[in-house]
Number of protein chains: 2
Amino acid sequence: MSRGFERAEYETRIARAQVLMDRAGLGALLLTTEADVRYFTGFRTRFWESPSRSWFLVVPREGPPKAVIPSIGAALMGRTWIEDIRTWPAPNPEDDGVSLLAQTLAEVGGPVGVPSGYETHLRMPLADFARVRDLAGLPFTGDAGIVARLRAVKSPAEVAKIETACAIAGRAFARVPEFAGEGRALAGVFRDFQRLLLEEGADWVPYLAGGAAQGGYADVISPASEMPLRAGDVLMLDTGAVWDGYFCDFDRNFAVGHVGDGVAEAHARLIEATATAMEIARPGARACDLWRAMSDIVGAGETAGRLGHGLGMQLTEGLSLTPRDETVLEPGMVITLEPGIDRPGGLCMVHEENIVITEGAPRALSPLAEAEIPVM
Amino acid sequence: MSRGFERAEYETRIARAQVLMDRAGLGALLLTTEADVRYFTGFRTRFWESPSRSWFLVVPREGPPKAVIPSIGAALMGRTWIEDIRTWPAPNPEDDGVSLLAQTLAEVGGPVGVPSGYETHLRMPLADFARVRDLAGLPFTGDAGIVARLRAVKSPAEVAKIETACAIAGRAFARVPEFAGEGRALAGVFRDFQRLLLEEGADWVPYLAGGAAQGGYADVISPASEMPLRAGDVLMLDTGAVWDGYFCDFDRNFAVGHVGDGVAEAHARLIEATATAMEIARPGARACDLWRAMSDIVGAGETAGRLGHGLGMQLTEGLSLTPRDETVLEPGMVITLEPGIDRPGGLCMVHEENIVITEGAPRALSPLAEAEIPVM
């Protein structure tokens, strides 16, 4: 699997954005987040972990994008397909790229569309944003959902990267019984599982969640405790491992020592739910249809969380499998199927797979779990 | 080393914030980022990796803070010291906590201070923020730098966590020669080093950077390449490993096979620079004084990047060692000393240590490197 993308991939992304910008009457897009900047440039670095520097990409209605970035990133951005790279010596709290960005936007012309809707944020200080708006002298508005809409439909090259990440996690999950079992603390299991993901080829492991308790687990977002696993626990590990900038996001359940009461049935029900959703996950079906198909099996109430979501350059992105989301599936969308089922004592069990929508039946990107819960 | 903090630690943080809020005439603080919310609550989860949900904390001028969060986080927030927890079933694109947050703010009263300055961002959709402002019917303004100012000075319990992360990374750096050497690809070295950090006790490894080339490296933010290490290369690894929510951030240089021309001298110069900065890093000295002391030794020009920065709940936070930053050091500040030196061919070498400012001489949190560059 080769890293990066052909230049044509980026040119296509920009061309599609510009068609939609024209339709929405936008003169420019202003992008500030890691995923949005990388989507159009290929600029890939873990340096975004530092909040000290802002990074900007301006996509004009015509012509190639312009990067307005701290000088520390000039060399790396220079190795992407981007040619118009403007830098300032950051951090400079008096003018942290503000005047350079405003000048670039003024050259390009407005209205300036800034992603402002669901799942977006502006990754720059609000005070700087206000100054840029004043200096640029252009109207600012939302991006009409353009960036999210483009990113929701993956190219074959993007799907291949997600599939690679899924395969890595699949190999790591297969090895969990090597190190997890009765008496091991969950925190140690979390640590070892991350090591395994790296060993199997992940570039890094931005996300790991899970839980373990008798017959289920209390929630799926808590950090791991030092409590040792006990026989009868259900252990769940859920990872977002990254390969070449793309995530997988799926989990696996394991029965520790023996299968507790009702656990086998609950697990089989979860697998049935994902299988049923896969049967209808074709172009034209809506996110809410998949939610309904799964919730009919696992019994999720209307107020339950979502039962899956889009996936790609971020752990979660795009549609949500909820009763409210009427997004129509299109070929190239990559989504997770993530049914959850209530368990006695306020516990739950959750199962998750990753699939890509095609013209026909969806293709599984994660190695589909068996109906029978593995015992270790 | 025990995890978490005593309840008194959070009460002190809130009390200090409220003194400053009173002085700044603020009725509430509205916090939206992982670090800011965690600072006042102890709410720790890797679930922030998902952009799909917003999380809010409202700190009133009097009384305890109020969490306004997705219901999926209620159980975990319920295990912190926070008692006033208001939830909504997210994601709900029609009203993703907007009315609940606006109502909470209206109860508390304004003006509402939102972190808006250097290194901050608003982690919620801009369109939702505009609706909250309209609905709350209160004046919104910046936070007068209050949160950054509080977070800049660490408690002894916070320093202990950073020191634990530093010790973990120190043990991992000591083992680098076990797996890195001539012929190994840098990408493999990155992967193994992350595994080592986990093995030595890191909870996770949000940041890893580095470089390797003949006698130096081209930049310090690029992802690792598949190019094998060669004799004469200088290998640098720089990590932000996390323990219980606190970062270390330091690097180490290694000579591969043999020490290239000028490398020993450059390395010794870098060590001399950090040692010199440590001599003057006492209360009353300014960030720019430390910059000057190091730049006199390594020859950094006025336009060079910073030579160090604050450190704590984020990889970089607070002051910058630049000629422009006149922040006065105070006991409890944790900073990095990070001098860089130019090398022939457009290359550089960078060295980094972590220290805490005390009433007297600073205390090293990272195990200080020797002047002699290790050969492997």
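The structure presented is a predicted model; accordingly, all values stated were derived computationally and were not measured.

(A) Broad picture of the relation of the copies chain B and chain A. For the match of chain B to chain A, the screw axis carries a shift of 0.0 Å, the RMSD comes to 0.0 Å, and the turn is 180°. Taken together, the rotation and translation relating the two chain copies correspond to the operation of a two-fold axis. Considering only C-alpha atoms, the part of chain B nearest the rotation axis is Arg195 of chain B, at 2.4 Å. A shared binding surface is used by both copies, with 100% of the interface residues of chain B retained as interface residues in chain A.

(B) Broad picture of helix 2 (residues 34-41) of chain B. All names here are of chain B. Summarising burial for helix 2: 7 of the 8 residues are buried, a large majority. Buried within helix 2 are the following residues: Ala35, Asp36, Val37, Arg38, Tyr39, Phe40 and Thr41. Trailing helix 2 by a residue or two, Gly42 shows a phi angle of about 85°, which is positive.

(C) Representation of the packing of helix 7 (residues 156-174) of chain B against helix 9 (residues 186-199) of chain B in the model. All names here are of chain B. Relative orientation of the contacting elements helix 7 and helix 9 amounts to 130°, with a least axis distance of 9 Å. Classified by the interaxial angle, the pair formed by helix 7 and helix 9 is oblique. The element helix 7 and its partner helix 9 pack so that their crossing is right-handed. From helix 7, Ile168, Ala169, Ala172 and Phe173 reach across to helix 9, where they touch Phe193, Leu196 and Leu197.

(D) Examining the side chain of Arg175 of chain B more closely. Residue and element names in this part refer to chain B. By the element assignment, Arg175 lies in the loop between helix 7 and helix 8 (176-179). Separated by 3.1 Å, the side chains of Arg175 and Glu199 make a polar contact. In this structure the side chain of Arg175 is engaged in a polar contact, spanning 2.8 Å, whose partner is the side chain of Glu200. Beyond its immediate stretch of four places on either side in the chain, Arg175 contacts Leu196, Glu199 and Glu200.

(E) Representation of the pairing of strand 2 (residues 56-60) of chain A in the model. All names here are of chain A. The buried fraction of strand 2 amounts to 5 of the 5 residues, a majority that puts the element mostly inside the structure. The alternating pattern of strand 2 places Phe56, Val58 and Pro60 and Leu57 and Val59 on opposite faces, both of which are buried. Pairing between strand 1 (residues 28-31) and strand 2: 4 bridges, direction antiparallel. Across the sheet, the residue bridging to Ala28 is Pro60, located in strand 2. One ladder, built from 3 bridges, connects strand 2 with strand 3 (residues 66-70); its direction is antiparallel. Within strand 3, the residue paired with Val58 across the bridge is Lys66.

(F) Quick peek at the state of the cysteines. Applying the stated criterion to the full structure yields 0 disulfides over all chains. Between Cys248 of chain A, a free cysteine, and Cys166 of chain A, which holds the nearest cysteine sulfur, the sulfur-to-sulfur gap is 5.2 Å. For Cys248 of chain A, a relative accessible area of 0% gives the class buried. With no disulfide of its own, Cys348 of chain B has Cys248 of chain B as its nearest cysteine by sulfur position, at a separation of 20 Å. Residue Cys348 of chain B is classed as buried on the basis of its relative accessible area of 17%.

(G) Region of interest: the pairing of strand 3 of chain A. Residue and element names in this part refer to chain A. Burial of strand 3 is extensive: 5 of the 5 residues sit out of reach of the surface. Pairing of strand 3 with strand 4 (residues 84-88), which is carried by 5 bridges, proceeds in the parallel orientation. If you follow Pro70 over to strand 4, its bridge partner there is Trp88.

(H) Main features of the interface of chain B and chain A. Contacts between chain B and chain A engage 61 residues on the former and 61 residues on the latter. Interface of chain B and chain A: buried area, both sides summed, is about 5400 Å²; carbon and sulfur atoms make up 56% of it. Our count for the chain B to chain A interface comes out at 6 salt bridges. A salt bridge links Glu199 of chain B to Arg195 of chain A; its shortest N-O distance comes to 3.3 Å. The interface formed by chain B and chain A contains 35 residue pairs in polar contact (both at pLDDT 80 or more).

(I) Region of the structure containing the sheet that holds strand 11 (residues 334-337) of chain A. All names here are of chain A. In spatial order, the strands read 11-14-15; together these 3 strands make up an open sheet with antiparallel pairing. The sheet terminates laterally at strand 11 and strand 15 (363-364), the two strands that pair on one side only. Pairing of strand 11 with strand 14 (residues 353-356) involves 4 bridges; the strand directions are antiparallel. Bridging across to strand 14, Thr336 finds its partner in Asn354.

(J) Summary view of unusual backbone geometry. Residues and elements named next belong to chain A. Across the junction of Gly110 and Pro111, the peptide omega takes the value -5°, indicating a cis bond. Note that Pro111 resides in the loop between helix 4 (98-108) and strand 5 (112-114). Even without a glycine there, the phi angle at Ala144 is positive, about 60°. On the secondary structure map, Ala144 appears in the loop between strand 6 (140-142) and helix 6 (146-152). Here Asp244, not a glycine, exhibits a phi torsion of approximately 50°, which is positive. Mapping Asp244 onto the fold places it in the loop between strand 8 (233-243) and strand 9 (246-247).

(K) Region of interest: the packing of helix 1 (residues 7-24) of chain B against helix 2 of chain B. Residues and elements named next belong to chain B. The contact between helix 1 and helix 2 brings their axes to 7 Å, and the two run at 110°. With respect to their mutual orientation, helix 1 and helix 2 come out roughly perpendicular. Residues Tyr10, Arg13, Ile14 and Ala17 of helix 1 pack against Arg38, Tyr39, Phe40 and Thr41 of helix 2. Classifying every residue of the contact of helix 1 with helix 2 gives 5 nonpolar, 1 polar and 2 charged.

(L) Broad picture of the UniProt feature "domain: Creatinase N-terminal" (unreviewed entry) in chain A. The UniProt record annotates "domain: Creatinase N-terminal" (unreviewed entry) at residues 13-153 of chain A. The distance separating the terminal C-alpha atoms of residues 13-153 of chain A is 11 Å; by composition the span is 38% helix and 18% strand.

(M) Examining the pattern of salt bridges more closely. If you walk through the whole model with that rule in mind, you get 58 salt bridges over all chains. For Arg175 of chain B, the salt bridge identified is with Glu199 of chain B, shortest N-O distance 3.1 Å. Here the residue Arg175 of chain B occupies a position in the loop between helix 7 and helix 8, and Glu199 of chain B occupies one in helix 9, the gap between them amounting to 24 residues. Shared partners join several salt bridges into a network, and the residues in it are Arg171, Arg175, Glu178, Glu199 and Glu200 of chain A together with Arg184, Asp192 and Arg195 of chain B.

(N) Molecular detail of the nonpolar core. Core analysis: the biggest nonpolar cluster contains 210 residues, and Phe40, Val176 and Leu235 of chain A together with Phe40, Val176 and Leu235 of chain B have the highest contact counts within it. When residues no more than four places from it in sequence are discounted, the contact partners of Val176 of chain A are Phe193, Leu196, Leu235, Leu237, Phe254 and Met376 of chain A. Ranked by size, the runner-up nonpolar core spans 43 residues in total, among them Leu30, Val58 and Leu138 of chain A together with Trp88 of chain B.

(O) Structural detail: the domain arrangement of chain A. All names here are of chain A. Domain boundaries in chain A define domain 1 (7-151) and domain 2 (156-364). The straight-line distance from the C-alpha centre of domain 1 to that of domain 2 is 33 Å. Across the contact, 10 residues belong to domain 1 and 14 residues belong to domain 2. Here domain 1 meets domain 2 over a buried area of about 1100 Å², counting both sides, of which 37% is carbon and sulfur.

(P) Structural context of the side chain of Arg306 of chain A. Following the sequence through the fold, Arg306 of chain A ends up in the loop between helix 11 (287-298) and strand 11. Buried charge Arg306 of chain A goes without a salt bridge, the closest partner of opposite sign being Glu119 of chain A at 4.2 Å. A distance of 2.8 Å separates the side chain of Arg306 of chain A from the side chain of Ser320 of chain A, its partner in a polar contact. Residues contacting Arg306 of chain A, with those up to four places away along its chain left out, are Tyr118, Glu119, Thr316, Leu319, Ser320, Leu321, Thr322 and Glu338 of chain A together with Ser50, Ser52, Arg53 and Pro91 of chain B.

The rules we used
- Residues numbered from 1 in each chain as written.
- Chains lettered and ligands numbered in written order.
- Predicted model: local features only at pLDDT ≥ 70, side-chain atom pairs only at ≥ 80, totals over all residues.
- Heavy atoms only, no water.
- Least-squares fit on C-alpha atoms with pLDDT ≥ 70 in both.
- Contact = heavy atoms within 4.5 Å.
- Buried < 20%, exposed > 50% of the residue type's maximum accessible area, 1.4 Å probe, protein only.
- Helix = DSSP H or I, 4+ residues; strand = E, 2+ residues; numbered from the N terminus.
- Axes fitted to C-alpha atoms, helices over the stretch in contact; angles between N-to-C directions.
- Parallel < 35°, antiparallel > 145°, perpendicular 65-115°, else oblique.
- Left-handed = near helix turned anticlockwise from the far one by under 90°.
- Polar contact = N/O pair within 3.5 Å; in protein donor to acceptor, adjacent residues only side chain to side chain.
- Pairing = 2+ DSSP bridges.
- Disulfide = S-S within 2.5 Å.
- Buried area = accessible area lost by both parts, 1.4 Å probe.
- Salt bridge = Lys/Arg side-chain N within 4 Å of Asp/Glu carboxyl O.
- Nonpolar A, V, L, I, M, F, W, Y, C, P; charged D, E, K, R; others polar.
- UniProt positions renumbered as here; feature names shortened; annotations may be inferred.
- Core = buried A, V, L, I, M, F, W, Y, C linked by side-chain atoms within 4.5 Å.
- Domains from an automatic or database assignment.
- Lys, Arg positive; Asp, Glu negative; His and termini not counted.

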